[in-house]
Amino acid sequence: GIWSSPAIDPSDGSIYVTTATPNACSSPGELAPAIVKLRASDLSVLSSWTVPVAEQAFGDEDFGATPTLFTATINGVHRSLVGALNKDGLFYAWDRTNLAAGPVWQSTIADPSGSPRSIVSASWDGSLLYVGGGGATINGTSCYGNISALDPATGAFVWRSCQTSFMTAGLTEVPGMLIEGVGAGGNIVFLNTVNGATVSTFNTGSM
């Protein structure tokens, strides 16, 4: 199943999708849970990477987040990357020219057994990646959800923000500000992209 929206890369005319629910078919799917690169002109498969069976210890390794295109300089080389968050709490980053080679890096965003599952689509502002996930322990504090800024070259945390409720919507970034819908009560939170501090919140009054 494809839960998320596709991401289009106009630089080479390709489309990226993430997949999930491999057991929904009568026979196991070959491309799930996975990231798949398609040719936009005819939707033929150009490259893919599936979470290895040996690494599916969590048992629910679905990709529920839209792929995010970004760039990074790694060992002096400028690289075009694509990343996505998995429900196992890992954010994976791949080289767009060769998904099959496997992740360039991966970062643990959330506890895989934590609720809610990590399905938030990330955002990229040209400098940092912003990723929202499920339960995690941050600086000794147990957080029901979290939003983190990552170094695009390594996946290392630049800052982390503890959230007290769940998130399912994709992160929206405008210069200097992150916007995310959190919680069942209809809260919208606005965060400073420099340090993750909450700038403002808005409550819609209902779900």
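Data block above holds the structure.
Rules behind the numbers
- Residues numbered from 1 in each chain as written.
- Predicted model: local features only at pLDDT ≥ 70, side-chain atom pairs only at ≥ 80, totals over all residues.
- Heavy atoms only, no water.
- Pairing = 2+ DSSP bridges.
- Helix = DSSP H or I, 4+ residues; strand = E, 2+ residues; numbered from the N terminus.
- Axes fitted to C-alpha atoms, helices over the stretch in contact; angles between N-to-C directions.

1. Things to note about the sheet that holds strand β4 (residues 45–50)
Point 1. Judged by pairing direction, the sheet is antiparallel, and its 4 strands sit side by side in the order β1-β2-β3-β4 without closing on themselves. Edge positions in the sheet fall to β1 (7–9) and β4, since each of these pairs with one other strand and no more. The mean inter-strand angle of the sheet, taken between neighbouring strand axes irrespective of direction, is 20°.
Point 2. Relative to strand β2 (residues 14–18), β1 runs antiparallel, the two being bridged by 3 bridges. Paired with D9 across the strands is S14, a residue of β2.

2. Some remarks on the sheet that holds strand β14 (residues 157–163)
Point 1. Within the open sheet, the 4 strands sit side by side as β9-β10-β13-β14. Their pairing is antiparallel. Looking at the sheet topology across the chains shown, the edges are occupied by β9 (123–124) and β14.
Point 2. Inspection of the sheet shows strand β13 (residues 145–150) paired to β14 by 6 bridges, in the antiparallel sense. Looking across to β14, one finds that L150 is bridged to F157.

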